[in-house]
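What follows is each chain in one-letter form.
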Amino acid sequence: MRNETSQVNTGLLNAGSTVPQVLALVGGAGSGSNFDLQTKRSKLGVGYTKVINSRMQLAVDLKTEEKKGSRLFGIGMNCPTVYDPTCLGTTGISVGWATLMLPESVDSNHSQIDVRLSYALEKLRFSVGYYGSFYRNANASLNPVVAGNLYNPVGTLLPVSAGLLGYLNQAVALPPDNQSHQLDVSGNYNFTDKTRGTFKLAYSTASQDDGFVVASLPGTTSLGGRVNTSLVQLGVTSRPMPKLSLLADVRYLNKDDQTPILAYNLVGVTPYTNQQLSNQKTSTKLQANWQFSPDYRGSLGLDYALIDRGVFTPTSAVAGITALRETTEETGLRAELRRRMSENLSGAISLSSSKRDGSTWLKDTSGLGVSPVTNLADPALVNGIFMPNLADRQRDKIKIHADWMPNKDWSVQFSAEEGTDKYSSPSVYGLKDTRMNQLSVDWSYAVSFRLQLNGYASTGVQTFNQSRYAGYNLAFDNSNTSFGLGFTAKPNNQLELGGSLSFVDDVSKYAQSLDGTADAYTVASLAASGGLPDITFRQTALKLFGKYALDKKSAVRVDLVHQNSTYNDWAWGYNGVPYTYSDGTTLGQKSGQNVNFIGVTYIYQLP
């Protein structure tokens, strides 16, 4: 059972069903009744493994999960729009935009099957597998019934403009039924006692052909979505010399989008189609390791990645971003030096650097298709929006690692790393650079043959610096500190016990500043508000398990989990004032939440 961390107060009728009725709260925001959003998951799984003979093994895994309940969802519309003259903006006598909280009615099932046959020869080991995924949703759509009055932004109850009311009463599609199938073969082959090859070949097809709630086009009953994916992965490892070891790996992934292209949308009065999102990804990894001496070992590696997104569908259109790229390439170098400093202490330092660039930018034409950018100084580009995953990037990273084993019972690992990313695009806005650092320690201690202890602690900071419109500069800092303690014990040959206690403290800070282009209103607004407040998340989790062997073939396992979480997010309320929707529904935040779980598993090994 999962309960939403926010508290809903609403006047909705049939909340959590597929036909919610929206009635404005005449008593004002927060004068309704509380409604708890929760989803319940029921899982059932069966696993079977059969050793057919000394060379062959069959494994079958079946899982099904049913989910029921309701979760946070909603709709919104902002008038006016040039496409509908009846959709008027907000005036003194009518409401022209609205947001409504409409809980999604959840009633779905996800079933999976995984079958694998493994076979071993003298030099060749391989397995053939099938994986199937089947998602079924009993609720095809949400069908709201919205009354004629809603609140405007200053809290006055007014009639809704006729055009807006029509949009708010439209059916909303929910996640459709879909399925996927995959066949694969993987394994390895020993060419010699010093050279081994690995391989994986896979083909999958995913489809979504659930019927539309309302026919989008005459004669079109479903999307007919289909994506076929092919994977080829080959690798080889070799030790041609006692001091030299080599590794090479290449991976090719081809996603072929076969979804039919149809004109679902309009740009002005011009219809445009959906976009086929095929792509090809090729990655290569080369690495050489050299043992300089019994105490020193070095590694040098080369990485290459190419993403080809194919030709943009010429009958489609792009909006919301300034430009796209057809291909991006990234090349990286890695180096590591490892040293054994004593019998019980060893360490390593590694450096990595990579650079990503891409093909010519393709800009929005304010119509169908895209066109190549010929002038990077174009004001539309300089002030544009570019996706960080398509921008040029320089990535550098350093990591130090140490292993310490003071005796046969103790094991301790230390790690420290720092990295930077620098982004470049034609725009003066957007993500400019990021930085991260992290320190961690892991340890384990064997108290005795039947009792082991373990633990960890880590702290890290990640920073995103970006320039935004109207002279804003934002430095987003996320700091995370966590630690945990655990144990495993075996009091006797039949009983096994274990548990862990962990704590996480995560803080997000939004440091805002202004540059010389900020206007007087922006300066005054930031000075008055002080900028965005921090977001803090803390969680303490206790996990315990016990496993008891009934006999040689069967056992029972019991799992107990308790989590206590606190969270404050100003997106849904600040200083005790909750977010308010247009019908007076409020979404207040529960600062604390407790989760308890108990699971019982019966294990039986077939002969």
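Residues take numbers from 1 onward in each chain, read along the sequence in its written order. Owing to the predicted nature of the model, reporting of local features is limited to residues with pLDDT of at least 70; listing and counting of side-chain atom pairs is limited to 80 or more, with chain, interface and lining totals taken over all residues. With hydrogens and water stripped out, all remaining heavy atoms of the structure feed into the side-chain values.

## With respect to the sheet that holds strand 28 (residues 370–372)
Link 1 in the chain: Paired strands are those between which DSSP finds at least two bridges. The helix and strand labels rest on DSSP assignments: H or I over at least four residues marks a helix, E over at least two residues marks a strand, and numbering proceeds from the N terminus. Ordered in space as 24-27-28, the 3 strands form an open sheet in which the pairing is antiparallel. Either end of the sheet is taken by a strand with one partner, and the two such strands are strand 24 (323–325) and strand 28. Recorded for the sheet is a direction-independent mean angle of 40° between the axes of neighbouring strands.
Link 2 in the chain: Note that strand 27 (residues 361–364) and strand 28 share 3 bridges and pair antiparallel. By the bridge assignment for strand 28, D364 is matched with V370. For helices, the axis comes from a line fit to the C-alpha atoms of the stretch in contact; other axes are also lines fit to C-alpha atoms, and the angle between any two N-to-C directions lies between 0 and 180 degrees.

## Notes on the state of the cysteines
Link 1 in the chain: The criterion for a disulfide is a pair of cysteine sulfur atoms lying within 2.5 Å. All told, the structure shown has 1 disulfide when counted by the stated rule.
Link 2 in the chain: Residue pairing for C79: its cysteine sulfur links by disulfide to C87, the two sulfurs lying 1.5 Å apart. Taking the sign of the S-S torsion, -50° for the link of C79 and C87, the bridge is left-handed. Across this residue pair, the class does not change: C79 and C87 are buried. Burial here depends on accessible area, computed with a 1.4 Å probe over protein chains only, as a share of the maximum for the residue type. Under 20% is buried, over 50% is exposed, and the range in between is partly exposed.

## Brief notes about the pattern of salt bridges
Link 1 in the chain: Salt bridge criterion: a side-chain nitrogen from Lys or Arg within 4 Å of a carboxyl oxygen from Asp or Glu. With the rule as written, the count across this model stands at 15 salt bridges.
Link 2 in the chain: D392 is paired through a salt bridge with R325; the nearest N and O atoms lie 2.8 Å apart. Taken together, the residues D392 in strand 29 (residues 392–404) and R325 in strand 24 connect sequence positions 67 residues apart.
Link 3 in the chain: Of the residues examined, R325 reaches a relative accessible area of 8% and is grouped as buried.
Link 4 in the chain: Of the charged contacts, one joins R338 and E336 as a salt bridge, the two residues approaching to 3.8 Å between their closest N and O atoms.
Link 5 in the chain: On the accessibility criterion, R338 (30% relative accessible area) is partly exposed.

## Re the pairing of strand 18 (residues 225–241)
Link 1 in the chain: In this sheet, strand 18 lies alongside strand 17 (residues 195–208) in antiparallel orientation, the contact comprising 14 bridges. For Q208, the partnering residue across the bridge sits in strand 18 and is G225.
Link 2 in the chain: Note that strand 18 and strand 19 (residues 244–257) share 13 bridges and pair antiparallel. Bridged to L234 within strand 19 is V250.
Link 3 in the chain: Connecting strand 18 to the next strand, strand 19, in antiparallel fashion are 2 residues.

## Some details on the nonpolar core
Link 1 in the chain: In plain words, nonpolar cores are sets of buried Ala, Val, Leu, Ile, Met, Phe, Trp, Tyr and Cys residues tied together by side-chain atoms within 4.5 Å. Ranked by size, the top nonpolar core spans 23 residues in total, and within it V22, I75, L100, L102, L150, L164 and L168 carry the most contacts.
Link 2 in the chain: Where this core is concerned, the elements lending two or more residues are strand 8 (97–101) and helix 1 (162–168).
Link 3 in the chain: Per element, the largest residue contribution to this core is 3 residues, and it comes from strand 8.
Link 4 in the chain: Any two residues whose heavy atoms approach within 4.5 Å are treated as being in contact. Residue contacts for L164: discarding those within four places in its chain leaves M77, C79, C87, V95, G96, W97 and A98.
Link 5 in the chain: In terms of nonpolar packing, the next biggest core, distinct from the first, is built from 9 residues, V318, L324, F386 and L390 among them.

## Digging into the sheet that holds strand 4 (residues 33–35)
Link 1 in the chain: Here we have 5 strands laid out as an open sheet, ordered 4-2-39-38-37, and antiparallel in their pairing. Strand pairing shows two members of the sheet lacking a second neighbour, strand 4 and strand 37 (573–574), which therefore form its edges.

## Observations concerning the pairing of strand 34 (residues 495–514)
Link 1 in the chain: Bridging between strand 33 (residues 472–489) and strand 34 involves 18 bridges; their strand directions are antiparallel. The partner of G486 across the bridge, within strand 34, is S500.
Link 2 in the chain: Between strand 33 and strand 34, which pair antiparallel and follow one another directly, the connecting turn spans 5 residues.
Link 3 in the chain: Direction of pairing for strand 34 relative to strand 35 (residues 535–549): antiparallel, over a ladder of 14 bridges.

## Some points on the environment of L44
Link 1 in the chain: Here L44 lies in strand 5 (residues 38–51).
Link 2 in the chain: By relative accessible area, which is 57% here, L44 ends up exposed.
Link 3 in the chain: Taking the C-alpha atoms as reference points, L44 and T64, 20 residues apart in sequence, are found 5.4 Å from one another.
Link 4 in the chain: Ignoring sequence-local partners within four residues, the contact set of L44 consists of L62, K63 and T64.

## Details of the packing of aromatic side chains
Link 1 in the chain: Two aromatic rings from Phe, Tyr or Trp, using only the six-membered ring of Trp, form a pair when their centres are within 6.5 Å; if the ring planes differ by under 30 degrees the pair is stacked, by over 60 it is edge-to-face, and anything between is tilted. Under the counting rule described, the total for this entry stands at 12 aromatic pairs.
Link 2 in the chain: Residues F464 and F476 carry aromatic rings whose centres are separated by 6.0 Å and whose planes lie at 40° to one another, so their mutual orientation is tilted. Here the residue F464 occupies a position in strand 32 (residues 451–467), and F476 occupies one in strand 33, the gap between them amounting to 12 residues.
Link 3 in the chain: Relative to Y567, the ring of F537 lies with its centre 5.9 Å away and its plane at 75°, an arrangement referred to as edge-to-face. In this pair, F537 sits in strand 35 while Y567 sits in strand 36 (residues 554–568), placing the two residues 30 residues apart along the sequence.
Link 4 in the chain: A relative accessible area of 26% means that F537 is categorised as partly exposed.
Link 5 in the chain: Each residue in the set F464, F476, Y510 and W570 is aromatic and connected to the rest through ring pairs, giving one cluster.
Link 6 in the chain: In our convention, an over-ring charge means Lys NZ or Arg CZ found within 6 Å of a ring centre and within 35 degrees of that ring's normal. A cation over a ring is seen here: R557 above F545, with NZ or CZ 4.2 Å from the ring centre.

## Some details on a nonpolar patch on the surface
Link 1 in the chain: Like charges are joined within 9 Å and nonpolar side chains (Val, Leu, Ile, Met, Phe, Trp, Tyr) within 5 Å, but only among residues with over 30% relative accessible area and no salt bridge; these make up the patches. To be clear on the numbers: accessible area is Shrake-Rupley with a 1.4 Å probe, and residue cover counts the displayed protein chains and nothing else. On the surface, M241, W290, F292, Y296, L337, I349, L351, I398 and I400 cluster together to form a nonpolar patch covering roughly 790 Å² of accessible area.
Link 2 in the chain: Structurally, Y296 is set in strand 23 (residues 296–308).

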